[in-house]
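# Results of the structural survey
Letter by letter, the chains look like this.
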Amino acid sequence: MAQASAPPDTPGTRPGRLKVFLGAAPGVGKTYRMLDEGWRRALRGTDVVVAYADCHHRPHTEEMLEGLEVLPRLHRDYRGMEFTELDLAAVLARRPAVALIDELAHTNVPGTGNTKRWQDVEELLAAGIDVMTTVNIQHLESLSDVVEKITGVPQRETVPDDVVRRAHQIELVDMAPEALRRRMAHGNIYAPEKIDAALSHYFRVGNLTALRELALLWLAERVDETLQRYRAEHGIGGVWETRERVVVALTGGPEGDTLIRRAARIAARSSGGDLLAVHVTRSDGLAGASPDALARQRRLVESLGGTYHTVVGDQVPAALLDFARAENATQLVVGVSRRGWPARVLAARGVGDSVVEMSGDIDVHIVTHERAGRGRGLPVPGSGLSRVRRICGPVAGLLLPFLLTAILREDAAAEALGLNLTSEALLFLVAVVGVACIGGVLSALLASLTASLLLNYYFIPPAGQFTIHGANNILALVVFALVAGTVATVVDRSLRLSRRAASATAAAETLSSLAGGILRGEQEVPDLLERTRRTFGMESAELRPRARDREAAPGAAREAVTREAGSREAGSREAVARDGSGRATTEEIRTPIGEDAELVLRGRALPASDRRVLAAFAAHLTAAVERARLAEAAAEIEPVRAADRMRTALLAAVSHDLRTPLASGWAAVSSLRSREVDFSPEDREELLATADESMAKLNRLVDNLLDMSRLQAGALTLSLRPTALVEVLPLALDSLPEAPECRVAAQDLERVPDVLADPPLLERVLANLVANAARHSPPGRAVTVAASVLASRVELRVVDRGPGLRPADRERAFAPFQRLGDTDNTTGLGLGLALSRGLTEAMGGTLTPEDTPGGGLTMVVSLPAAPVPTG
């Protein structure tokens, strides 16, 4: 059993708290656990009522209701049947402290108020009533399609994930698949007649195992979100090793593949470990970063189940560790430096050494590779002055000229080298250039001044004095000073220009990554917010209404303000949080998004160079918000366009397909009324038959058109009641326009329970499907109509042995006013399959095509089984 909890609310008046009992499949004991928790709270003196509990006639669960206050249900008649629903008004009038409400994803009967039960629950929470409820993992909106792929059963009742995520507590009611199947076999879940079908279909071991894993993973993500929110709210920057997260640092060099595979092996050693690859673009550049190599490494990371990220940071070690801490990473993988020994001697410490020193409680793996020590021999051009170099530069500017003077003053060295004044000045010039490379222009000027004085005092006659007698010596000293200063200035300027170029390159790489993400489909606002947060290494990124609009736009209106944001203004605002000593801990960086919203980043301070890149992200967010708004507008217009397409197709169909039977009937009646021709009795009978057949075709075509128009308008009246398939099929065959050329074989129709359907509509569905199968079956091959039970639904299969359909054409076959693959355009409007699917879905069922084993097409009609009467 696992739980996820939200932080407690502030005392005082508050909305109600929601507790959700989450299960992987029916029968794991969610309702029992909810009632047990209700008993526990009632025994502590809490006012608990059972607002709605569906025990499914399970004796042990029904026993838990004894002694608890059970509110009466609301009774509603709908299409000839009586249903019971949650009485929301009664619960609000009773105002208990805790209400127990089963089946959060349930769809209410029309006419009871809210469409979904979770909407009723939200009203109770808004009224300050705590609610405990149950839901299965297959009913979560984001997982319904995944569950359908696993089990083959479509999910008609869903609840938005956000409703469950906002719960104060989520408790997983877990059970091993083998134990759940034993409960099923013992009759503790379904009635005996449904056990065999359930065990062989939905409740297979593989299905239950997959559903259980989905539930555990979904809850683990919810727990992780709660943990991250708690750490952010309490300013916790340290790593909590709740789950292994391995971050691998990529430079774009050839060693990246080795590092990624090594990090993947580390992550694979712990079940559920995450792999994150990060590339840092910085203002001092990453020399040798190949876009092609980074793209290849991105694909490698994703193929190994990891994620790829790009972050911006002036200092690579700090940026790496900020990203790792923001992701609560436990391990960081970096490669051994590619720099050769001259670079390691002259330059500051490498990234790996700095990361190890600053890592704190994050484990750092420094991985060797084939490129270690085989990089550049000199420091990387454009590298910024670290703190160490800013200290070492002036020291070298003072000490290096003195050290060189001491060496040149040795008589033995001077005689051995045979130096003159020119050679000595050049050596001092080399020393000045070396100092410029270490400490920049100021250190080089200091070295130039020191070298000039030493050169004048010790090497220019008269030695031992600052006086200069020869004009050539004065010229040599002046030229030396000018050359030294010029060289130092040029070196420093090249450093600055290199840094600017590298900064622009870093920004371009980040924007290129952003553009690539958009091209890969990451265009939704949540995706862009997450990319923004990861890129800048922030704790959170969200869209909020402007400060002036917050009072006027709480709750849902606040979300609407964010959705409606359309254009961006320049500028940003900051809110700095400080601890008790006045030191800054985190910052809120706000950038306007349109007229009503703003992008709020919470985390570290951003330098000016990063803010320019942030402006580009804000522009993309503005476009994404505008796209979302336009998509909503387009969705509102789409029904009008669909109706217009329907009218156009209807007019085209009427002008063509109704003409033939109308002309035939008209010609037959006109001939019969003619007094110029004396028809024999046989001729009169044939003309009457032609007229009757034409009128029958017209009647069927008009009925199909009317039914399709009612379906499109949502005005089709249904009368759902228990219906036996064995009674409907003969009526459907009798209603066929003409006897099919092949016979129909029925299988197992009498062995399945009744379905909840409208008998006349179901008869028309079967007639259309059988007629379609007969038209495409080869002569002499029977059309098979078979039935089976799957969980709480009955599946009816109409099987033909015709040419079948390609997968790409299956949905097109259900489009109205077309006959896919037919060459005969005089047999109808092409409404048979479209009308059959529409009528089936109106009755709460589904109509899907499948391949027939051995060739052909099978139409599967899935309808809910009628409830078994009790008494």
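Our structure is the block above this text.
Overview of the structure.

Here is what the cut-offs are and how they apply
Residues numbered from 1 in each chain as written. Predicted model: local features only at pLDDT ≥ 70, side-chain atom pairs only at ≥ 80, totals over all residues. Heavy atoms only, no water. Buried < 20%, exposed > 50% of the residue type's maximum accessible area, 1.4 Å probe, protein only. Helix = DSSP H or I, 4+ residues; strand = E, 2+ residues; numbered from the N terminus. Pairing = 2+ DSSP bridges. Axes fitted to C-alpha atoms, helices over the stretch in contact; angles between N-to-C directions. Parallel < 35°, antiparallel > 145°, perpendicular 65-115°, else oblique. Left-handed = near helix turned anticlockwise from the far one by under 90°. Contact = heavy atoms within 4.5 Å. Nonpolar A, V, L, I, M, F, W, Y, C, P; charged D, E, K, R; others polar.

## With respect to the pairing of strand S18 (residues 597-603)
With respect to burial, S18 is a largely interior element, six of its seven residues being buried. Pairing of strand S15 (residues 540-545) with S18 involves six bridges; the strand directions are antiparallel. Note on S18: the bridge partner recorded for serine 540 is arginine 602.

## Looking at the environment of alanine 185
Along the chain, the position of alanine 185 falls in helix H7 (residues 177-185). In this structure the C-alpha to C-alpha distance between alanine 185 and isoleucine 195, which are 10 residues apart in sequence, comes to 6.6 Å.

## Description of the packing of helix H24 (residues 725-734) against helix H25 (residues 759-776)
Two elements in contact, H24 and H25, have axes separated by 8 Å at closest approach and are oriented at 60°. Comparing the axis directions of H24 and H25 gives the class oblique. Crossing angle aside, the handedness with which H24 passes H25 is right-handed. Each of Leu725, Val728, Leu729, Leu731, Ala732 and Leu733 in H24 lies in contact with H25, whose residues at this interface are Pro759, Leu762, Glu763, Leu766, Ala767 and Val770. Considering only residue class, the contact of H24 with H25 consists of 11 nonpolar, no polar and one charged.

## Focus: the sheet that holds strand S24 (residues 846-851)
Strands sit in the order S20-S22-S23-S25-S24 across an open sheet of five strands; the sheet is mixed. Lying at the two open borders of the sheet, with one neighbouring strand each, are strand S20 (744-747) and S24. When the angles between neighbouring strand axes are averaged without regard to direction, this sheet yields 20°.

## Digging into unusual backbone geometry
Positive phi values are uncommon outside glycine, yet arginine 95 reaches one of about 45°. Considering the arrangement of structural elements, one finds arginine 95 in the loop between helix H3 (88-94) and strand S7 (98-101). A relative accessible area of 48% places arginine 95 in the partly exposed class. Backbone geometry places aspartate 748, a non-glycine residue, at a positive phi of 60°. For aspartate 748, the location among the structural elements is in the loop between S20 and strand S21 (755-757).

## Some remarks on the sheet that holds strand S11 (residues 274-281)
If you walk across this open sheet you meet the five strands as S12-S11-S10-S13-S14, and the pairing is parallel. The strands lining the two open edges of the sheet, one partner per strand, are strand S12 (307-312) and strand S14 (363-367). Averaged over neighbouring strand pairs, the angle between their axes works out to 25° when direction is ignored. For strand S13 (residues 331-335) and S14, the ladder comprises five bridges, and the chain directions are parallel. Bridge pairing links valine 333 to histidine 365 in S14. Packing of helix H10 (residues 256-268) onto the sheet brings it into contact with strand S10 (245-250), S11, S13 and S14, and relative to S10 it is tilted by some 175°. Sheet contacts for helix H12 (residues 316-326): S10, S11, S12 and S13; angle to S11, the most-contacted strand, approximately 150°.

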